[in-house]
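Coordinate analysis (summary)
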Amino acid sequence: MLKPGKKESIIKYKLVYTVIILLVYMLGRSLPLYGIDPAVYSRQAMDAEALMEQAIGGDRYSLFALGISPYMMASILVQVVVSCRKASSKDKISPGKVNRVMMGLMLVFAVFQAVFRVQELTFREMAEPVLLVKFLAGLEMIAGVMLILWLAGQNKKYGIGGQTALIYINILDGLIRSMDGYSVRKLLAPLAVSAVALVVMNVMESGEKRIPVQRISIHNIYADKNYLAFKLNPVGVMPVMFATAFLMLPRLLLAGLGYLFPENGTVLWWQENLVMTRPLGIGAYIMTLYLLTIGFAMIMIAPGEIAEQLLKGGDSLLDVHAGRDTKRYLVRVLVRISFLSATVMSICLGAPMLMQLQGGIDRTLVMLPASVMMLTGIWYNLSQEFTAVKGYDAYKSFL
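Residues numbered from 1 in each chain as written. Predicted model: local features only at pLDDT ≥ 70, side-chain atom pairs only at ≥ 80, totals over all residues. Heavy atoms only, no water.

So, on to the nonpolar core. Grouped together as the largest cluster of nonpolar side chains are 93 residues, with contacts concentrated most on Tyr285 and Met373. A total of 10 residues in this core trace back to one element, the largest contributor, which is helix α10 (residues 238-260). Setting aside chain neighbours within four positions, we find Met373 in contact with Ala197, Met201, Val237, Val240, Met345, Cys348 and Leu349. (Core = buried A, V, L, I, M, F, W, Y, C linked by side-chain atoms within 4.5 Å. Buried < 20%, exposed > 50% of the residue type's maximum accessible area, 1.4 Å probe, protein only. Helix = DSSP H or I, 4+ residues; strand = E, 2+ residues; numbered from the N terminus. Contact = heavy atoms within 4.5 Å.)

Structure (structure tokens):
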């Protein structure tokens, strides 16, 4: 019972709720699928592919094996389709309809991933038929996806960080496991690249490009201090994580073709090479990173909508005509910033990948800089949300 005049702490309740959600999530990650022997997988070394998949998923043999990757793949497709529609058409699409379509696609991807994932798992000798055991394990994977989305939704509503808090746990766990058992000498090269990635991400997250704006409603000393601000890293580390989910789409297709045509040499070649430990897979990942960084910036920041709002409000950019000229200018600026962001991230990610191909870095440590980069970007956003929520407690009640 609170004393009269004493205010409840919002941040305290949100933090406690997030801790509870994370404990439930960690419990789900520790529950093995039906018929699985966890000891088989605990002895396996994690390569770059497994570490990046763990960032958006869980342990490959656990209840949360699929993680949020089905949701991320569905989200990519829906956002691309919606962004291609005209502004007048977007207004006619209700958020409820978009969410239903996204959930339907997510369920389809979850089913496909579960079907192909169970084929890769090793099960114990059991009395039940193998098909029944695989079916139950697949159902558990799909149920795990739905439970993760519910946990993320509850954390977004009552806690801090939404689904990024769950992703943070995945990345942190993968980072610790990847470094376990290595000597300091083995860790020197990846830690050096990780330190550079840490500094670069802090600069990119805190830096911004400012574009002066002329506001017709402001006629005082602050008239010259109005501007649009674009972060040097416009969409954060989202492309790093979404690129992994995006590459799962062709791999799902290849897995299906491999199941139908097990002896086809072309399918087998693509399956073996479209991974992040081979040149083709590395090139595909970097190219996807560029496309997603620029694409997400255009979708989330929407320079066309900004130009339209400025035009309707009678405002304009300094020395730029309103309307189409403003839109073109903002698109050019955003493309340059996004390209710079993608280039910096590609160098930080691609350098250890290329070193791994030449034997300079062990395959388990190749994604260490990527993990540090994602942790830094997510932590920056979490800290901003924490500061904003903490500010609620600074307001004093009138009573």
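Our next topic: the packing of aromatic side chains. A full pass over the atoms with the stated rule returns 6 aromatic pairs. Both rings, one in Phe112 and one in Phe116, keep their centres 6.5 Å apart while their planes meet at 25°; by these two values the pair is stacked. Separated by 4 residues within a single helix, Phe112 and Phe116 lie in helix α6 (residues 95-120), roughly one turn from each other. Judged by its relative accessible area of 45%, Phe112 falls in the partly exposed class. Phe116 sits in the buried class, given a relative accessible area of 16%. (Phe/Tyr/Trp six-rings, centres within 6.5 Å; stacked < 30°, edge-to-face > 60°.)

What follows deals with the pairing of strand β1 (residues 208-214). Note: β1 against strand β2 (residues 227-231), 5 bridges, orientation antiparallel. Looking at β2, one finds that Ile211 is bridged to Leu228. In this structure, β1 lies alongside strand β3 (residues 316-317), joined through 2 bridges in antiparallel fashion. Looking at the pairing, Gln214 lines up with Ser316 of β3. (Pairing = 2+ DSSP bridges.)

To continue, consider α10. Along an α-helix, residues three or four apart share an orientation, since each turn contains 3.6 residues. Here α10 is 23 residues long and its end C-alpha atoms lie 34 Å apart, about the 33 Å a rise of 1.5 Å per residue gives. Leu249 marks where α10 bends most, by close to 25°; the proline Pro250 follows one to four residues later. (Expected span 1.5 Å × (residues − 1). Bend = angle between axes of the 7 residues up to and from the residue.)

The next subject is the packing of helix α9 (residues 184-206) against helix α14 (residues 324-357). Where α9 contacts α14, the two axes come as close as 11 Å, and the packing angle between them is 175°. Judged on the interaxial angle alone, α14 and α9 are roughly antiparallel. Between α9, through Ala189, Val193, Ala197, Val200 and Met204, and α14, the contact on the second element is made entirely by Ser341, Val344, Cys348, Pro352 and Met355. For the contact of α9 with α14, a count of residues per class yields 9 nonpolar, 1 polar and no charged. (Axes fitted to C-alpha atoms, helices over the stretch in contact; angles between N-to-C directions. Parallel < 35°, antiparallel > 145°, perpendicular 65-115°, else oblique. Nonpolar A, V, L, I, M, F, W, Y, C, P; charged D, E, K, R; others polar.)

Quick look at the sheet that holds β2 now. Read from one edge to the other, the open sheet built from 3 strands follows the order β2-β1-β3, with strand pairing classed as antiparallel. Edge positions in the sheet fall to β2 and β3, since each of these pairs with one other strand and no more.

Bringing helix α8 (residues 163-179) into the picture now. Its 17 residues place the ends of α8 25 Å apart at the C-alpha level, agreeing with the 24 Å of an ideal helix rising 1.5 Å per residue. Those residues of α8 that fall on the buried side of the exposure criterion are Ala165, Leu166, Ile167, Tyr168, Ile169, Asn170, Ile171, Gly174, Leu175 and Ser178. Gly181, located one to two residues past α8, shows a positive phi value of around 90°.

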